[in-house]
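Fold and contact review
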Amino acid sequence: MDKYAVYVIVVYVVTLILLGVYLSWLWLRLRAVRDEPSLNEQAGVTRGSSGPGSSRPGQRG
């Protein structure tokens, strides 16, 4: 084996481990955000409402 082969293998293994840890953390974080109620739902606001206060200035409809 080449002199630097062990270093290359170690770098690949460490990189893959770090990538796996990061993706696991990201997946858990996204799942937690998806499961928590949003601020709009807590306030009773629905998306796409067309009530009297929902129109934006300069918007025709």
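Keep in mind it's a predicted model, so treat the numbers as computed, not measured.

Right, let's talk about the overall build of the protein chain for a bit. In terms of regular secondary structure, the protein chain is built from 2 helices and 0 strands. A total of 61 residues make up the protein chain; the buried ones form 2% of that total. If you sum the accessible surface of the protein chain, you get close to 6,200 Å²; carbon and sulfur atoms cover 62% of it.

When their charged atoms lie close together, side chains carrying opposite charge are able to pair. Inspection of the entire model under this criterion finds 1 salt bridge. Across the pair Arg34 and Asp35 runs a salt bridge, and its minimum N-O distance is 3.6 Å. Of the two residues, Arg34 and Asp35, both sit in the exposed class.

In total, this model carries 2 aromatic pairs according to the counting rule given. Ring centres 6.2 Å apart and planes at 45° place the aromatic pair Tyr4 and Tyr7 in the tilted group. Judged by relative accessible area, Tyr4 falls into the partly exposed class, the value being 48%.

Conventions we followed
- Residues numbered from 1 in each chain as written.
- Predicted model: local features only at pLDDT ≥ 70, side-chain atom pairs only at ≥ 80, totals over all residues.
- Heavy atoms only, no water.
- Helix = DSSP H or I, 4+ residues; strand = E, 2+ residues; numbered from the N terminus.
- Buried < 20%, exposed > 50% of the residue type's maximum accessible area, 1.4 Å probe, protein only.
- Areas by Shrake-Rupley, 256 points an atom, 1.4 Å probe, with all protein chains shown as cover.
- Salt bridge = Lys/Arg side-chain N within 4 Å of Asp/Glu carboxyl O.
- Phe/Tyr/Trp six-rings, centres within 6.5 Å; stacked < 30°, edge-to-face > 60°.

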